[in-house]
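# Overview (structure and organization)
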Amino acid sequence: MNWTDNYRKAFALSYDDGVYQDIRLVEILNQYGLKCTFNLNSGMMNPPYVWQADGVTIERMPPDMLTELYKGHEVASHTVNHLDLTQLSDGELFDEVTEDRHALEQLFGQEIRGFAYPYGHTDKRVKFLLNQCGISYARSVQSTHSFEPPQDMLEISPTCRHKEEEIFGLAEQFIRMRPDSPKIFLLWGHSYEFDMQQGWERFERFCEMMAGHDDIFYGTCGEVLLSNGTPEANKTDHSN
Ligand SMILES: [Zn+2]
């Protein structure tokens, strides 16, 4: 059964890189009944993958912590080594994606169909190859500030990044709307950005606002995007 059988609005989150700040993020999401897709690099889970940005320490979590933490959410591929796919040969790209998929499937015991582009970079060749790798949907990074279901499942632009000013206005608009056709609010970011901008409280306020509405379906990106009620629009032909 698709969510569109019973709902006209869906909300999903998509967070990248599998870092320690995800622990606090998942705690908040679980408290509000919200669902997220976590985009992971299977080749970068064994420490030390630590770096500093804006005075914040960012460290990737080891595999045993991730499997426990993400229960009830979705895991998607982000390549083995967080590489810009537009810079790789066809063979290198194929390895980065299929090896990541298989490693994540083994680790999490769930089918991996989703993908998020490292650095948001993609092009026509990359999309074609991603499709050959068994990826059903792929998220980029350019905000649309729109709730329209994606036209191209291999280049899905999110509604908004959490640090954008427009986030509360968009939430209000989404909560109020009574659409005739399916609408999707897709939020993305990195959880370490909440540390950098002292943004945890602001994010929790946003979650409180978005959660608990009878007319909104709360699902992972896979649950929302792979059954959004626009099958024709989703059948983008990447073969030419
Ligand atoms: Zn990333």
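A brief report on the enclosed structure follows. (Residues numbered from 1 in each chain as written. Predicted model: local features only at pLDDT ≥ 70, side-chain atom pairs only at ≥ 80, totals over all residues.)

Another aspect to go through is the overall build of the chain. Looking only at helices and strands, one finds 9 helices and 10 strands in the chain. With respect to the three principal axes, the spread of C-alpha positions in the chain is 45 × 45 × 30 Å. Across the 240 residues of the chain, 40% fall into the buried class. For the chain, restricting intrachain contacts to residue pairs at least 6 apart in sequence, the fraction spanning at least 24 positions comes to 71%. (Helix = DSSP H or I, 4+ residues; strand = E, 2+ residues; numbered from the N terminus. Buried ≥ 20, exposed ≤ 12 C-beta atoms within 10 Å, placed from the backbone. Contact = placed C-beta atoms within 7 Å.)

What follows covers the packing of helix α1 (residues 22-32) against helix α7 (residues 200-210). Contact geometry of α1 with α7 gives a least axis separation of 10 Å together with a crossing angle of 25 degrees. Relative to α7, the element α1 lies roughly parallel. Crossing geometry of α1 relative to α7 is assigned as right-handed. Contacts from R24, I28 and Y32 in α1 reach W200, F203, E204, C207 and E208 in α7. Its residues placed into classes, the contact of α1 with α7 shows 5 nonpolar, no polar and 3 charged. (Axes fitted to C-alpha atoms, helices over the stretch in contact; angles between N-to-C directions. Parallel < 35°, antiparallel > 145°, perpendicular 65-115°, else oblique. Left-handed = near helix turned anticlockwise from the far one by under 90°. Nonpolar A, V, L, I, M, F, W, Y, C, P; charged D, E, K, R; others polar.)

Taken N-terminus to C-terminus, the directions of helix α3 (residues 90-108) and helix α4 (residues 124-132) make an angle of 50 degrees; their axes are 10 Å apart at the nearest point. For the element pair α3 / α4, the angle class is oblique. Crossing handedness for the pair α3 and α4: right-handed. Counted together, D90, L93, F94 and V97 of α3 and V126, L129 and L130 of α4 form the full contact between these two elements.

Before going further, it helps to spend a moment on α4. Three or more residues of α4 are buried, namely V126, K127 and L130. Mapping the buried residues of α4 onto a view down its axis gives an arc of 100 degrees, with all of them on the same face. Of the surrounding secondary structure, the elements contacted by the buried residues of α4 are α3, β6 (114-116) and β7 (137-139). Backbone geometry just after α4 places G134 at a positive phi near 90 degrees. (Arc of directions from axis to C-beta.)

Taking burial as the measure, the 8 residues of strand β1 (residues 9-16) include 8 buried ones, the bulk of the element. Alternating residues of β1 divide into K9, F11, L13 and Y15 and A10, A12, S14 and D16, and every residue in both groups is buried. Note: β1 against strand β9 (residues 183-189), 7 bridges, orientation parallel. Across the sheet, residue A12 finds its bridge partner in β9, namely L186. Pairing of β1 with strand β10 (residues 216-218), which is carried by 3 bridges, proceeds in the parallel orientation. Within the sheet, the bridge partner assigned to K9 lies in β10 and is I216. As paired strands, β1 and strand β2 (residues 36-40) are joined by 4 bridges and run parallel to one another. Within β2, the residue paired with L13 across the bridge is C36. (Pairing = 2+ DSSP bridges.)

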